[in-house]
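Chain by chain, the residues run as shown.
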2 protein chains.
Amino acid sequence: MPTERLDHLFAALAHPARRAILARLAAGEASVMELAEPFDMTLPAVSKHLKVLERAGLIVRGREAQWRPCRLEADPLKEVADWVEGYRRFWERSEERYGRLDDYLREAQEADRAPGREGADEPQAPP
Amino acid sequence: MPTERLDHLFAALAHPARRAILARLAAGEASVMELAEPFDMTLPAVSKHLKVLERAGLIVRGREAQWRPCRLEADPLKEVADWVEGYRRFWERSEERYGRLDDYLREAQEADRAPGREGADEPQAPP
């Protein structure tokens, strides 16, 4: 398991600004200026976040001195997906359990409204 | 999007010891002592990691004063899976591209070995 890569990946994803930058880059490459504007961040703040993303392998930056566009590099996210996939059976099992609880509660509620399975709409015969 | 929850989740997953603890708990609940032993960690170190995992909602701890077993709570990992799923098309597109490059290189290599499409095994007629 590429442990250190996963450390960098998860740490890079742990900041909302960095996830927002990735979401922006999913729509196409952008310069540091273009990234700074919508997020109302200073250029040094954006640069710092970009360095973390670059170190995690999540973005690549162009070589042109003036216009160094940032581009999304989503391949490492497959490792995150693979890691989390190992736990799917646990949350699915729990979703199933909640689903069964919902069914049970709905049935219980219906049974409450209609005490008899048959002739529930008919008036009950007095004892 | 539950931004702060994702911050805590990704930060919690950014340490190999915490991911190892989750993997251990996937096999069944365990006490702090049981968690400390195989990872060769001190009890305070384990406790610190458990607090981070608990804050992220990834584990729950029993109430018994003496034996407070830790249990995996994998439901929040579905949020991580959902988040990363949004980028699947990017890494799949890139896998496809690499697949096509592989095909191209293999074909180019085969063409190199067998210059003619037919009769490649037969000796070439002298000019």
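Residues numbered from 1 in each chain as written. Chains lettered and ligands numbered in written order. Predicted model: local features only at pLDDT ≥ 70, side-chain atom pairs only at ≥ 80, totals over all residues. Heavy atoms only, no water.

Enquirer: Can you help me understand the layout of surface pockets in this one?
Expert: One water molecule sets the probe size; rolling that probe over the atoms shows where empty space is left. One number sums up the size of the largest pocket: a volume of about 320 Å³. Along its surface, the largest pocket is lined by 14 residues, and Phe90(A), Arg97(A), Arg71(B), Leu72(B) and Glu73(B) are the ones closest to its centre. For the lining of the largest pocket, the element with the highest residue contribution is helix 6 (residues 88-113) of chain A, accounting for five residues. Classifying every residue of the lining of the largest pocket by side-chain character gives six nonpolar, two polar and six charged. Approximately 280 Å³ is the volume found for the second largest pocket. In terms of lining, the second largest pocket is formed by 14 residues, of which the most central are Arg71(A), Leu72(A), Glu73(A), Phe90(B) and Arg97(B). Put simply, the parts of the chain that give the lining of the second largest pocket at least two residues each are strand 2 (70-72) of chain A together with helix 6 (88-113) of chain B. The leading source of residues in the lining of the second largest pocket is helix 6 of chain B, at five residues. Looking at side-chain class alone, the lining of the second largest pocket contains six nonpolar, two polar and six charged residues. (1 Å grid on protein atoms, 1.4 Å probe; cavity = no way out; pocket = protein on both sides within 12 Å on 5 of 7 lines; lining within 4 Å. Points joined across faces, edges and corners; volume = space filled by probe spheres on them. Helix = DSSP H or I, 4+ residues; strand = E, 2+ residues; numbered from the N terminus. Nonpolar A, V, L, I, M, F, W, Y, C, P; charged D, E, K, R; others polar.)

Enquirer: I tried to follow the environment of Arg88(A) on my own but got confused; where do I start?
Expert: Residues and elements named next belong to chain A. Position of Arg88 relative to the elements: it lies in helix 6. Along the primary structure Arg88 and Ala36 are separated by 52 residues, whereas in three dimensions their C-alpha atoms are 36 Å apart. Reaching out from Arg88, the side chain makes a polar contact with the side chain of Glu85 at a distance of 2.6 Å. (Polar contact = N/O pair within 3.5 Å; in protein donor to acceptor, adjacent residues only side chain to side chain.)

Enquirer: What's the story with unusual backbone geometry in this structure? I'm lost.
Expert: If a residue is not glycine, its phi is most likely negative; likewise, a peptide bond is most likely trans. Residues and elements named next belong to chain A. Phi is positive for Asp40, which is not a glycine, with a value near 55°. Among the secondary structure elements, Asp40 is positioned in the loop between helix 3 (32-39) and helix 4 (43-55). Judged by its relative accessible area of 73%, Asp40 falls in the exposed class. (Buried < 20%, exposed > 50% of the residue type's maximum accessible area, 1.4 Å probe, protein only.)

Enquirer: Explanation requested: the interface of chain B and chain A in the structure shown.
Expert: Buried accessible area, meaning the area lost when the parts come together, often serves as the stated size of an interface. The partner chain A presents 28 residues to the 28 residues of chain B that form the contact. Of the roughly 2600 Å² buried at the junction of chain B and chain A (both faces included), carbon and sulfur atoms supply 70%. Broken down residue by residue, the surface that chain B buries against chain A is led by Arg19(B), Tyr87(B) and Trp91(B), which jointly contribute 23%. For the interface between chain B and chain A, the tally reads two salt bridges. Between the two partners, chain B and chain A, sit eight residue pairs in polar contact (both at pLDDT 80 or more). Mapped onto the side of chain B that touches chain A, the elements with two or more residues apiece are helix 1 (3-13), helix 2 (16-25), helix 5 (77-85) and helix 6 of chain B. Here the residues of the side of chain B that touches chain A sort into 20 nonpolar, three polar and five charged. (Contact = heavy atoms within 4.5 Å. Buried area = accessible area lost by both parts, 1.4 Å probe. Salt bridge = Lys/Arg side-chain N within 4 Å of Asp/Glu carboxyl O.)

Enquirer: So what exactly am I meant to see when it comes to helix 6 of chain B here?
Expert: Helical periodicity: at 3.6 residues per turn, an α-helix aligns residues three or four positions apart in one direction. Between its first and last C-alpha, helix 6 of chain B extends 37 Å over 26 residues, near the 38 Å set by a 1.5 Å rise per residue. Taken residue by residue, helix 6 of chain B has Phe90(B), Trp91(B) and Ser94(B) as its buried positions. (Expected span 1.5 Å × (residues − 1).)

Enquirer: Help me out: how do you make sense of the packing of helix 3 (residues 32-39) of chain B against helix 4 (residues 43-55) of chain B in this one?
Expert: Packed helix pairs are specified by the crossing angle of their axes together with the interaxial distance, meaning the distance between the axes. Residues and elements named next belong to chain B. For the pair helix 3 and helix 4, interaxial distance at closest approach is 9 Å and the crossing angle is 110°. Taken together, the axes of helix 3 and helix 4 are roughly perpendicular relative to one another. Between helix 3 and helix 4 the crossing geometry is right-handed. When helix 3 is examined against helix 4, the residues Val32, Met33, Leu35 and Ala36 are found in contact with a partner set consisting of Leu43, Val46, Ser47 and Leu50. Split into classes, the residues belonging to the contact of helix 3 with helix 4 amount to seven nonpolar, one polar and no charged. (Axes fitted to C-alpha atoms, helices over the stretch in contact; angles between N-to-C directions. Parallel < 35°, antiparallel > 145°, perpendicular 65-115°, else oblique. Left-handed = near helix turned anticlockwise from the far one by under 90°.)

Enquirer: Where do I start with the pattern of salt bridges in this structure?
Expert: Pairs can form between side chains of opposite charge once their charged atoms are near each other. Applying the stated rule across the entire model yields 16 salt bridges over all chains. Glu92(A) is paired through a salt bridge with Arg88(A); the nearest N and O atoms lie 3.3 Å apart. Of this pair, Glu92(A) and Arg88(A) are both found in helix 6, four residues apart, which corresponds to roughly one turn of the helix. Overall, the relative accessible area of 36% leaves Glu92(A) in the partly exposed class. For the salt bridge of Arg100(B) with Glu96(B), the shortest nitrogen-to-oxygen distance reads 3.5 Å. Pair noted here: Arg100(B) and Glu96(B) are both in helix 6, with a separation of four residues, about one helical turn. Taken together, the shared-partner salt bridges connect Glu85(A), Arg88(A) and Glu92(A) into one network.

Enquirer: Any chance you could explain the side chain of Arg19(B) here in plain terms?
Expert: Structurally, Arg19(B) can be placed in helix 2. Overall, the relative accessible area of 3% leaves Arg19(B) in the buried class. A distance of 2.8 Å separates the side chain of Arg19(B) from the backbone oxygen of Leu13(B), its partner in a polar contact. Aside from chain neighbours lying at most four places away, what touches Arg19(B) is Thr3(A), Leu6(A), Asp7(A), Phe10(A), Trp83(A), Tyr87(A), Leu13(B) and Ala14(B).

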